[in-house]
Structures are given as C-alpha cells and as structure tokens.
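A structural walkthrough
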Amino acid sequence: MDSKKAMYESLGISEKVYDFCSEIEKSLKNRFEEIDSICEQNQLKIIKAMQEAKLSEAHLSGTTGYGYNDLGREAIEKIYATVFKTEDALVRPQITCGTHALHLALAANLRPGDELLSPAGKPYDTLEEVIGIRESRGSLKEYGISYRQVDLLEDGSFNYEEIKKAIHSKTKMVAIQRSKGYQTRPTFSVKKIGELIAFLRNEKPDLIIMVDNCYGEFVELTEPSEVGADMVVGSLIKNPGGGLAPIGGYICGKKEYIENCSYRLTSPGLGKEVGATLGVNGLFLQGLFLAPQVVASALKGAIFAANIYEKLGYRVIPNSTESRHDIIQAVEFGNPEAVIAFCKGIQAAAPVDSFVEPEPWDMPGYDSQVIMAAGAFVSGSSIELSADAPIKPPYAVYFQGGLTYPHAKFGIMMSLQKVMEVSDFSI
Ligand SMILES: *Cc1c(COP(=O)(O)O)cnc(C)c1O
C-alpha cells in the first residue's frame, strides 16, 4: 500500500473511500488549473496594491487608546480601496462580523422614511432581524425604514419586471446578496450583478447600491464594486481575512457612503479618525496577502465535494461542472441524519477540537435549529473548513472553507466516511 493511503487509513479513511475519492480528484485537474490562474492574478493584484501604498514594517504594528494617526490602519484601508477599486474603505476590528458590517452600511446610509429594496429575494438569515422582516429590537423598521423584496424567478434569475415596479420615490438603497447563503438558489456572478446594477441605475440613477460580498471575494477576477456597486461589504473571518484576521469587517465604496459608515461606527464628528487597532494590523495585511491562495484551496475543496456527492446521486449546488462565484457548496441530503453525519465528519477532520461531536442548537439570529462543524483556529471562522446546516427541509448542508486544499480534501473524505455509516449506498 502506498504511504499516502496508509496515512489516510491511520486517520480513519477506508480504502474504499480513498480509492473512490482519488479517482474523482484525478478528473478535476483542468478545473484546478483554472482556479490557480485566477488565484495568481488576484495575488498579483494584492501585491501591487501593497506596493502602491508603500507598505512598510511600520504599518504592521498598531495603536492603543483613541487610535489617532494609526498608520497601519490607514494603509490597510488604502490597500482595500485599491484592491476593490473604490474611492474609500472602512476596514476595522471594531466591525465585529459580517452582519455588523452590513447593518452598518445600511443604517449609516438610510434615513427615516427611506425604503430598502432587495431585488434578489430573501436576504441572509441574520439580516431578517437587521431589517425587521422578523420583529426585532433596534431593527431598521423600528427607525421608520421600510423594506420591499422581489423574489427571484423559478430559474434563479432576476424578475426585472417586478423590480421595475418595486422602485418608487422612497426607494433609497438596494441590497444585493452575491452568495446563496443558506439557500439553494444559484450564487450570482459579478457579471450578473453588473447587469442588475445597470438596470437599477437606469430606473433610478441616485440609488445607493450595496452588495453583500460575503464568501465571494477573490473567487473571480473582478469584484462587484467594479461593475457599479456603491458599496461592497464583507467579513474578515471569511475570504479577505485569509484565515489570519482574528476579527473584523470591511466596507469599500464611494467616499460619501464610507464616511457615513464611519460616523455610525464611531460617532458623528469622529468618523474614521479614531479606532485603535490593538496589534491586528499585521494579521489583516498578511491575511489579505494570503487570501487568494486560501480562497483557491476552499474552491478546490468545494468542487471536489460537489463531484463526490453528485456521483453518489445527491443534488449538489453548484453542480459538479458549474462555474463558481462563491466558496459555498451545498449538498441536499433530504434527511437530518446524513446532514449531522456530514458535519461530524468535517469536525473529526479538524486540527482543533477534532474530538468534539457537533449537535444541532438554537443559534441566535436563525429561525430553526442549526448544526455547525468547525475546528477552527479563529472561533467561528468560516474561511476555515466548516459546515453549517439549518435542521429543516430540504436538509441541505452548506460546506465551505479550508485554509489548505489537503485539509479540505481530508475533511470531505471524512464526511463521506461518516455519511456512509448512516446511509444505504455503497461505493
Ligand atoms: C456570513 C454571511 C453574512 C453574515 O456574516 P456573519 O459574520 O456571520 O455575521 C451575511 N451574508 C452572507 C451572504 C454571509 O455569507
């Protein structure tokens, strides 16, 4: 037996699973090469931005207290603005997560009486409470901001006719979610988002268009800010943090809107000038530097998983051959047992907390029980190999991340090992 196979066996992967997965991996060579090429170009884009900002050792440390004149923070925001091709950026450890960043972008730019439009159907679960779709204290609704939604057509495309009807004098902002999140709709390509933005601009030129860019960064060669979005928003414990950022969120966009966000994040009058970075600058920068490579690893893992589970007869979204616009892979198992087994496999393959068994629980912000598997260096980081599933039909598991491809691969093999134990297929 070859040494690699023996190594996998020592970690609990049977010969059958190993052979089955190895065959599938062999067939993915060309797709992996495409991903490597995108990674290479995004890597160069980031190096160029760092060089243009004259990044130096002095930027890697941070400030305490008020955080006035934090040179590292200023360099980071300049680099993000260059990478995302925007006028300005707000990249802060004080932005606690993606939901916070999205709330910030919305709350800072909407005023009582304004309306927010979602032209791509229901937004991410946690945004239901931000907006007030589900009654929630402190929601935008409580502040007199109304909301309107246009669902996608059956085939996952935009319903332009209804979107046109939904725009009226009060419509101030539009939120477009790039990634599917916890849904089984397709993720939108940057090109598709650009088409939608062009349509919206034509209907009402002064709309503020925000894209929830979570999980989409560096998957393609361009970002939604390059096709007309006024703001792109995301979390640093997803793609752009490269696994190293221990906290944080970003908003890149038009200067005026970013300024509004800064006044909301800190205080009117203070804005971007305060906010100590407490030593995270080096991690934000090195994480961004690594991000294209980490995203490429995660994408390879997602494609590997899609090919394995599709071959076994499950519905996988995206399917085994589709082009990719985010790092999420959904697998529809149709029963809770397989979903739980899948998550247990991902957990068992983790470097941290591999001995823990994940169980479904009532997670704040979600409307059903959720199971989450993650053995991450940064707590809750979903650019690290992780799987989440709401325990409700169609019993789909959402799988993402992997700081390295070998880890993503091992995690998926382990998931298959565990799913087989509760299923009746054989390989
Ligand atoms: C993760 C995610 C969010 C929320 O980010 P958190 O960091 O979990 O608060 C919002 N939208 C999308 C599409 C996401 O993937």
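Criteria and cut-off values
- Residues numbered from 1 in each chain as written.
- Predicted model: local features only at pLDDT ≥ 70, side-chain atom pairs only at ≥ 80, totals over all residues.
- Heavy atoms only, no water.
- Pairing = 2+ DSSP bridges.
- Helix = DSSP H or I, 4+ residues; strand = E, 2+ residues; numbered from the N terminus.
- Axes fitted to C-alpha atoms, helices over the stretch in contact; angles between N-to-C directions.
- Contact = heavy atoms within 4.5 Å.
- Phe/Tyr/Trp six-rings, centres within 6.5 Å; stacked < 30°, edge-to-face > 60°.
- Buried < 20%, exposed > 50% of the residue type's maximum accessible area, 1.4 Å probe, protein only.
- Near = heavy atom within 4 Å.
- Polar contact = N/O pair within 3.5 Å; in protein donor to acceptor, adjacent residues only side chain to side chain.
- Areas by Shrake-Rupley, 256 points an atom, 1.4 Å probe, with all protein chains shown as cover.
- 1 Å grid on protein atoms, 1.4 Å probe; cavity = no way out; pocket = protein on both sides within 12 Å on 5 of 7 lines; lining within 4 Å.
- Sits in = over half its atoms within 2 Å of the grid points.
- Nonpolar A, V, L, I, M, F, W, Y, C, P; charged D, E, K, R; others polar.
- Points joined across faces, edges and corners; volume = space filled by probe spheres on them.
- Domains from an automatic or database assignment.
- Buried area = accessible area lost by both parts, 1.4 Å probe.
- Core = buried A, V, L, I, M, F, W, Y, C linked by side-chain atoms within 4.5 Å.
- Parallel < 35°, antiparallel > 145°, perpendicular 65-115°, else oblique.
- Left-handed = near helix turned anticlockwise from the far one by under 90°.

**Some details on the sheet that holds strand β4 (residues 171-177)**
Strands sit in the order β1-β7-β6-β5-β4-β2-β3 across an open sheet of 7 strands; the sheet is mixed. Across the chains shown, the open sheet's two edge strands, defined by having one partner strand only, are β1 (88-92) and β3 (146-149). With strand direction ignored, the average angle separating the axes of adjacent strands in the sheet is 20°. The pairing of strand β5 (residues 208-212) with strand β6 (residues 231-235) spans 3 bridges and is classified as parallel. Pairing of V211 across the sheet is with V232, part of β6. In this fold helix α9 (residues 255-265) packs onto β1, β5, β6 and β7 (249-253), with an angle of close to 25° to the strand it touches most, β1.

**Section: the packing of aromatic side chains**
All told, the structure shown has 19 aromatic pairs when counted by the stated rule. Their ring planes at 65° and their centres at 4.9 Å tell us that Y314 and F333 sit as a pair that is edge-to-face. Of this pair, Y314 sits in the loop between α10 (281-311) and β8 (315-317) while F333 sits in the loop between β9 (329-332) and α11 (336-348); the two residues are 19 residues apart in sequence, bridging distant segments of the chain. A relative accessible area of 16% means that Y314 is categorised as buried.

**What about the site of the ligand?**
In the neighbourhood of the ligand, the contacting residues comprise C97, G98, T99, L102, Y124, Q177, D212, C214, Y215, S235 and K238. Note that an oxygen atom of the ligand is positioned 2.5 Å from one of the side-chain N or O atoms of T99. Protein chains shield 90% of the accessible area of the ligand, which is 380 Å² for the free molecule. When each cavity is represented as a set of grid points, the ligand is found to reside in the largest pocket. Take the shell around the ligand: its biggest share by element is 3 residues, from helix α5 (residues 98-109). Classifying every residue of the shell around the ligand by side-chain character gives 5 nonpolar, 4 polar and 2 charged.

**Points about empty space enclosed by the protein**
Taken as a whole, this structure holds 3 cavities of 30 Å³ or more when the rule is applied. When its volume is computed, the largest cavity comes out at roughly 70 Å³. Of all elements in the fold, only β2 (115-118), α6 (125-131) and β4 reach the threshold of two or more residues within the lining of the largest cavity. With 3 residues, β4 is the largest single contributor of residues to the lining of the largest cavity.

**A word on the sheet that holds β8**
Spatially, the 5 strands line up as an open sheet ordered β8-β9-β12-β11-β10, and their pairing is antiparallel. The two strands at the open ends of the sheet, each matched to only one other strand, are β8 and β10 (370-374). Each adjacent strand pair in this sheet contributes to an overall mean axis angle of 20°, direction not counted.

**Section: the domain arrangement of the protein chain**
By convention, interface size is frequently given as the accessible area that disappears when the constituent parts associate. Each assigned domain of the protein chain is listed with its residue range as follows: domain 1 (3-42 + 289-422) and domain 2 (62-280). Each of domain 1 and domain 2 was reduced to a C-alpha centroid, and the two centroids are 27 Å apart. Between domain 1 and domain 2, the residue contacts involve 35 residues of the former and 32 residues of the latter. Contact between domain 1 and domain 2 buries roughly 2,800 Å² in total, counting both sides, with carbon and sulfur atoms accounting for 62%. When the buried surface of domain 1 facing domain 2 is broken down by residue, H325, Y366 and Y398 rank first, second and third, together holding 22% of it.

**Regarding the nonpolar core**
Residues Y80, I308, Y309 and F333 are the most contacted members of the largest nonpolar core, which totals 107 residues. No other element matches α10, which puts 15 residues into this core. Both domain 1 (3-42 + 289-422) and domain 2 (62-280) contribute no fewer than three residues apiece to this core. Within the second largest apolar cluster, 27 residues are counted, among which are A101, L104, L106 and M173.

**With respect to the packing of helix α2 (residues 15-26) against α10**
The N-to-C vectors of α2 and α10 enclose an angle of 120°; their axes lie 10 Å apart at closest approach. Taken together, the axes of α2 and α10 are oblique relative to one another. Here the hand of the crossing between α2 and α10 comes out right-handed. Contact with α2, carried on its side by F20, C21, I24 and E25, involves F304, N307, I308 and K311 of α10 and no other residues of that element. Here the contact of α2 with α10 is composed, by residue class, of 5 nonpolar, 1 polar and 2 charged.

**Examining unusual backbone geometry**
Residue P318 is reached from I317 by a cis peptide bond, and omega for that bond is -5°. Relative to the helices and strands, P318 resides in the loop between β8 and β9. In this structure, P394 follows P393 across a cis peptide bond, with omega equal to 10°. With phi around 50°, N69 is a residue other than glycine that occupies positive phi space. Summarising the element assignment, N69 is placed in the loop between α3 (29-52) and α4 (71-83). The phi torsion at K85 lies on the positive side, around 55°, for a residue other than glycine. Checked against the element boundaries, K85 lands in the loop between α4 and β1.

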